[in-house]
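Examining the three-dimensional arrangement
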Amino acid sequence: MATVVDASSTNPLGHGRVCLLVTGPPGAGKSTVSRMVAAALKRSALLDGDWVSGLIVSGRVWALGEPADETARQVALCNDNLCSLATNLADAGFTPVIDWVVPNRVQLDVFRRALGDRLRLIVLDPGTDACPRRDATRPAPEQFLFDGYAELHTSMDDGFGGLGWWFDTSAMAAEPTVEQVLAEADQRARVPRTRQ
């Protein structure tokens, strides 16, 4: 487990000064890294986008589901809810760590507008070959059967390839990835605020 980071008044990741958005394709390590980063901070909250989306019990449509217009409405609602929760937690002195697939610039801009200068974007990018291999090692109930890795990577790269920290974790285990995120995210993952 990663060493707990000092959340004193001088630590840039402490007390809600930043909101960490950890994204990438299925199998990139978002959930593992997000969980470990949040656990390493003294005052933090883990915001799992799948869990927030799952708050809808009746009528829920998942992010790749049908009908497309309802899917878009529910994804937008989830993004808005994640931003609201992150803002509230950060204002209360907790560093939010958001675990969520952000597939394009339009969706990223929701986070940029809502979180402003607090946003730190970490794109876990082990490559389109590594993700399906990693996913296959998960227990069957946790596997994410997905065949759109190349398309998703292209959408993310075309949409916001120059923003945040694109972190090649292809040769890294979770622990050193987390250590590097804790040490470098404040500077490397900065994202300029979008115009309102």
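For the structure itself, look to the data block above.
The present account deals with the structure reproduced in this document.

**A word on helix α7 (residues 174-188)**
Its 15 residues give α7 an end-to-end C-alpha distance of only 18 Å, which falls more than 12% under 21 Å, the value for a rise of 1.5 Å per residue. In α7, a bend of some 45° at Leu182 exceeds every other bend along the element. Residues Thr177, Val178, Val181, Leu182, Ala185 and Asp186 constitute the buried set of α7. The elements touched by buried residues of α7 are β1 (19-23), α1 (30-40), β4 (119-124) and β5 (165-167).

**Considerations on the packing of aromatic side chains**
Applying the stated criterion across every chain, the model contains 2 aromatic pairs. Note on Phe160 and Trp166: the rings are 5.8 Å apart at their centroids and 45° apart in plane angle, and the pair reads as tilted. The exposure class assigned to Phe160 is buried, which follows from its relative accessible area of 1%. Aromatic side chains Trp165 and Phe167 sit 4.5 Å apart centroid to centroid with 15° between the ring planes, which places their arrangement in the stacked category. Given a relative accessible area of 3%, Trp165 falls into the buried group. Residue classification places Phe167 among the buried positions, given a relative accessible area of 4%. The ring of Phe94 has Arg43 sitting right over it, with the charged end atom 4.1 Å from the ring centre.

**A word on helix α4 (residues 105-115)**
All of the buried residues in α4 are Gln107, Leu108, Asp109, Val110, Phe111, Arg112 and Leu115. Summarising the contacts, the buried residues of α4 are in contact with β1, α3 (68-91), β3 (95-99), β4 and α6 (149-160). A distance of 3.3 Å separates the backbone nitrogen of Val106 from a side-chain oxygen at the start of α4, and that oxygen is part of Asn104. Of the residues one or two after α4, Gly116 is the one with positive phi, at around 55°.

**Description of the packing of α3 against α4**
Orientation of α3 relative to α4, taken along the N-to-C sense of each, is 25°, at an axis distance of 10 Å. Our classification of the angle between α3 and α4 gives roughly parallel. For the pair α3 and α4, the crossing hand works out as right-handed. Only Gln107, Val110, Phe111, Ala114 and Leu115 of α4 make contact with α3, whose side of the interface consists of Val75, Asn79, Asp80, Leu82, Cys83, Ala86 and Thr87. When its residues are assigned to classes, the contact of α3 with α4 shows 8 nonpolar, 3 polar and 1 charged.

**Structural notes on the layout of surface pockets**
Of the voids in this model, the largest pocket is the one considered here, and its volume is about 1000 Å³. Surrounding the largest pocket, 42 residues form its lining, Pro26, Lys30, Asp50, Val101 and Phe144 being those nearest its centre. Counting residues per element, the lining of the largest pocket draws most heavily on α1, at 5 residues. Along the lines of polarity and charge, the residues of the lining of the largest pocket split into 18 nonpolar, 13 polar and 11 charged.

**Thoughts on the pattern of salt bridges**
Should their charged atoms come close, side chains of opposite charge can pair. Applying the stated rule across the entire model yields 8 salt bridges. A salt bridge links Asp109 to Arg112; the shortest N-O distance between them is 2.9 Å. Of this pair, Asp109 and Arg112 are both found in helix α4, 3 residues apart, which corresponds to roughly one turn of the helix. For Asp109, a relative accessible area of 14% gives the class buried. Its relative accessible area of 5% is what places Arg112 among the buried residues. Overlapping salt bridges bring together Asp69, Glu70 and Arg73 as one network.

Reading the values: the criteria
Residues numbered from 1 in each chain as written. Predicted model: local features only at pLDDT ≥ 70, side-chain atom pairs only at ≥ 80, totals over all residues. Heavy atoms only, no water. Helix = DSSP H or I, 4+ residues; strand = E, 2+ residues; numbered from the N terminus. Expected span 1.5 Å × (residues − 1). Bend = angle between axes of the 7 residues up to and from the residue. Buried < 20%, exposed > 50% of the residue type's maximum accessible area, 1.4 Å probe, protein only. Contact = heavy atoms within 4.5 Å. Phe/Tyr/Trp six-rings, centres within 6.5 Å; stacked < 30°, edge-to-face > 60°. Lys NZ or Arg CZ within 6 Å of the ring centre and 35° of its normal. Polar contact = N/O pair within 3.5 Å; in protein donor to acceptor, adjacent residues only side chain to side chain. Axes fitted to C-alpha atoms, helices over the stretch in contact; angles between N-to-C directions. Parallel < 35°, antiparallel > 145°, perpendicular 65-115°, else oblique. Left-handed = near helix turned anticlockwise from the far one by under 90°. Nonpolar A, V, L, I, M, F, W, Y, C, P; charged D, E, K, R; others polar. 1 Å grid on protein atoms, 1.4 Å probe; cavity = no way out; pocket = protein on both sides within 12 Å on 5 of 7 lines; lining within 4 Å. Points joined across faces, edges and corners; volume = space filled by probe spheres on them. Salt bridge = Lys/Arg side-chain N within 4 Å of Asp/Glu carboxyl O.

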